[in-house]
Amino acid sequence: MGKVIYLDNAATTQVYPEVVEAMTPFFTEYYGNPSAIYSFAGEANKAVTQAREKLASVIHAKPEEIYFTGGGSESDNWALKATVEAYANKGKHIITTAIEHHAILHTAEYLEKNGCDVTYVGVDENGVVKLDELKAAIRPDTILISVMTANNEIGTIQPIEEIGKIAKENKILFHTDAVQAFGHIPIDVDKMNIDMLSASGHKINGPKGIGIMYIRKGVKIRSFVHGGAQERQRRAGTHNVPGIVGFGKAIELAADNMEERIKYETELRDYLIERVLSEIPYTRLNGHKTDRLPNNASFCFRFIEGESMLILLDQQGICGSSGSACTSGSLDPSHVLLAIGLPHEIAHGSLRLTLSEKTTKEEIDFTVDELKKIIERLRSMSPLYEDFVKKQGK
């Protein structure tokens, strides 16, 4: 296999060598169960505590407010389902948005089938939540607002602090799916009035299969996974110690160089966007131009199918995606692109390229050069494009 240009970091990331190195002893040397009382388990217990402290500090939370889960999807499920169960005496109405990850949307659908009332707030053409619509959706029986920190497909960062303020003023719990944002941009749970937050290790150069749920002290949601007394009796199951240690090391690295990383990725992202928009006609940028994740560039190319584009990019060793990795097997256009007002025929021609701090300008130049050829080739085979060109020539 030749050189791979990996531009799908929103789907998952490379586990950094320092992370693997930190994890390794907990597979082979300090393999004790941290819940055990004998001294051999002490190293594992200490490592879990240290990781919890690191993860809490990056969002200005208390260590005892961090709960380890199996990943972002579990955390999202926990936030919604357990809140509806715990606050049923107040009401069964929750508010979310039309552009959430399917871990939220499918959970909301499940809750609707079981007697919950869900309002899906719309977004503008840039993917920003309509705050007036959100305010208008609040009812006396509203118990939860759940809005993602940043969109996984188009990169738009939401006005989380304003939404948190709205929730607090109305005495409604506020949850944010921060899977794409955690470790990439600053988050302060107190300043933003966040009551619950979901995050995942594999989006920040940590291992897969480990996540966290931040639950503010005083929020009365119950266990989601039942069994033992782990995680202060709120999440049963033997601790994934290597995963927890890896997540802790990954957030330590991310926090230490966050400012530099944001600057580098933003400059490279803007360079990529400028080249694509100026050199490939009939192309649009999806998401907010500036209030977007530093590493996210999302486009729609008219007159082509995204799947064909991805296959041809792959033949050149370039990894991209048409949107969320969780919906890559679907033939339907992205719900996010439809929510920002794109027609089906344009939404089908989407491409998401997500960078890392290791992505180089040379890789971006190669990608854009190849993309130009691919778009030209695909459009040359498109009857719709041929008709369009003929009409333009009249």
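Since the structure is predicted, the reported quantities are computational estimates derived from the model, not experimental observations.

Student: Just to check I follow, could you spell out the overall build of the chain for this structure?
Tutor: From N to C terminus, the chain includes 15 helices and 12 strands. Expected size for 394 residues packed as a compact globule is a radius of gyration near 21 Å; at 22 Å, the chain falls within 12% of this value. Projected onto its principal axes, the C-alpha coordinates of the chain cover approximately 80 × 55 × 35 Å. For the chain, the residues scored as buried account for 56% of the 394 residues in total. For the chain, the share of sequence-separated contacts (at least 6 apart) that also reach a separation of at least 24 residues comes to 73%.

Student: Could you clarify how one ought to interpret the sheet that holds strand E4 (residues 117-121) in this entry?
Tutor: One key point about sheets: their strands pair by backbone hydrogen bonds, in either a parallel or an antiparallel sense. Within the open sheet, the 7 strands sit side by side as E2-E8-E7-E6-E5-E3-E4. Their pairing is mixed. Every interior strand has two partners, whereas the edge strands, strand E2 (66-69) and E4, have only one. Strand-to-strand twist of the sheet, defined as the mean angle between neighbouring strand axes without regard to direction, takes the value 20°. Lying over the sheet, helix H4 (residues 72-86) contacts E2, strand E3 (93-97), strand E5 (142-146), strand E6 (173-177), strand E7 (196-200) and strand E8 (211-215), oriented at roughly 160° with respect to E7. Strand contacts of helix H5 (residues 102-113): E3, E4, E5 and E6, with the helix running at about 145° to E4, the strand carrying the most contacts.

Student: Is there a simple way to explain the nonpolar core in this structure?
Tutor: A general trend in soluble globular proteins is that nonpolar side chains are found buried together. Among the nonpolar cores identified, the biggest contains 65 residues, and Ile59, Ile145, Phe182, Ile194 and Leu197 are the most heavily contacted of them. Not counting chain neighbours up to four residues away, the residues in contact with Leu197 comprise Ile59, His175, Thr176, Ala178, Phe182, Ile187, Val189, Ile212, Met213 and Tyr214. Val276, Ile280, Met309 and Leu313 belong to the second-largest nonpolar core, a separate cluster that totals 25 residues.

Student: Looking at this model, I keep getting lost on the packing of helix H10 (residues 258-279) against helix H14 (residues 361-380). Mind explaining?
Tutor: The relative placement of two packed helices is expressed as an angle between their axes plus a distance between the axes. Contact geometry of H10 with H14 gives a least axis separation of 10 Å together with a crossing angle of 20°. The pairing of H10 with H14 is recorded here as roughly parallel in orientation. In this structure, the crossing between H10 and H14 has a hand that is right-handed. Note on element contacts: H14 touches H10 through Lys361, Ile364, Asp365, Val368, Asp369, Leu371 and Lys372, opposite Tyr264, Leu268, Tyr271, Leu272, Arg275, Val276 and Glu279. Here the residues of the contact of H10 with H14 are counted per class, giving 8 nonpolar, no polar and 6 charged.

Student: Just checking my understanding: could you explain the sheet that holds strand E10 (residues 296-301) for this structure?
Tutor: Read from one edge to the other, the open sheet built from 3 strands follows the order E9-E10-E12, with strand pairing classed as antiparallel. Each edge of the open sheet is held by one strand with a lone partner, namely strand E9 (283-285) and strand E12 (350-354). Sheet twist, expressed as the average angle between the axes of neighbouring strands with direction ignored, equals 25°. With 5 bridges joining them, E10 and E12 adopt antiparallel strand pairing. In the sheet register, Phe299 faces E12, and the bridge partner there is Leu351.

Student: Would you mind going over the pairing of E10 with me for this structure?
Tutor: Every regular strand shows the same layout, with side chains that alternate between the two sheet faces. The buried count for E10 comes to 6 of 6 residues, which makes it a mostly enclosed element. Residues of E10 alternate between two faces, with Asn296, Ser298 and Cys300 on one and Ala297, Phe299 and Phe301 on the opposite face, all of them buried. With 3 bridges connecting them, E9 and E10 associate as antiparallel partners. Of the residues in E10, the one forming a bridge with Thr283 is Phe301.

Student: Please explain unusual backbone geometry as it appears in this structure.
Tutor: Note: most peptide bonds trans; most residues except glycine with negative phi. The residue Asn193 is not glycine, and still its phi comes out positive at about 55°. Within the secondary structure layout, Asn193 lies in the loop between E6 and E7. In this structure Asn193 comes out as buried when scored by relative accessible area, which is 17%. A positive phi angle, near 50°, is found at Arg232, a position not held by glycine. Along the chain, Arg232 turns up in helix H8 (residues 230-233). The class of Arg232 is partly exposed, set by a relative accessible area of 39%.

Student: Could you clarify how one ought to interpret the pairing of E2 in this entry?
Tutor: Alternating residues of E2 divide into Ile66 and Phe68 and Tyr67 and Thr69, and every residue in both groups is buried. As paired elements, E2 and E8 share 4 bridges and run antiparallel to each other. In the sheet register, Ile66 faces E8, and the bridge partner there is Tyr214.

Student: Looking at this model, I keep getting lost on the packing of aromatic side chains. Mind explaining?
Tutor: Given two aromatic rings, one states the distance between the centres and the angle between the planes to describe the pair. One pass over the full model with this rule turns up 10 aromatic pairs. An angle of 85° between the planes, with centres 6.1 Å apart, marks the rings of Tyr282 and Phe303 as edge-to-face. Taken together, the positions of Tyr282 in the loop between H10 and E9 and Phe303 in the loop between E10 and helix H11 (306-315) put the pair 21 residues apart, joining distant regions of the chain. Judged by centre distance (6.4 Å) and plane angle (65°), the ring pair of Tyr282 and Tyr385 falls under edge-to-face. With Tyr282 in the loop between H10 and E9 and Tyr385 in helix H15 (residues 383-393), the pair connects residues that are 103 residues apart, well separated along the chain. Owing to a relative accessible area of 32%, Tyr282 belongs among the partly exposed residues under this scheme. In this structure an aromatic cluster arises from ring pairing among Tyr282, Phe303, Tyr385 and Phe388. For the cation-ring pair, Arg232 lies above Tyr67, with the distance from its terminal atom to the ring centre recorded as 4.2 Å. Taking the ring centre of Phe388 as reference, the NZ or CZ of Arg302 above it sits at 5.1 Å.

Quick notes on the rules
- Residues numbered from 1 in each chain as written.
- Predicted model: local features only at pLDDT ≥ 70, side-chain atom pairs only at ≥ 80, totals over all residues.
- Heavy atoms only, no water.
- Helix = DSSP H or I, 4+ residues; strand = E, 2+ residues; numbered from the N terminus.
- Rg over C-alpha atoms; globule rule 2.2 N^0.38 Å.
- Buried < 20%, exposed > 50% of the residue type's maximum accessible area, 1.4 Å probe, protein only.
- Contact = heavy atoms within 4.5 Å.
- Pairing = 2+ DSSP bridges.
- Axes fitted to C-alpha atoms, helices over the stretch in contact; angles between N-to-C directions.
- Core = buried A, V, L, I, M, F, W, Y, C linked by side-chain atoms within 4.5 Å.
- Parallel < 35°, antiparallel > 145°, perpendicular 65-115°, else oblique.
- Left-handed = near helix turned anticlockwise from the far one by under 90°.
- Nonpolar A, V, L, I, M, F, W, Y, C, P; charged D, E, K, R; others polar.
- Phe/Tyr/Trp six-rings, centres within 6.5 Å; stacked < 30°, edge-to-face > 60°.
- Lys NZ or Arg CZ within 6 Å of the ring centre and 35° of its normal.

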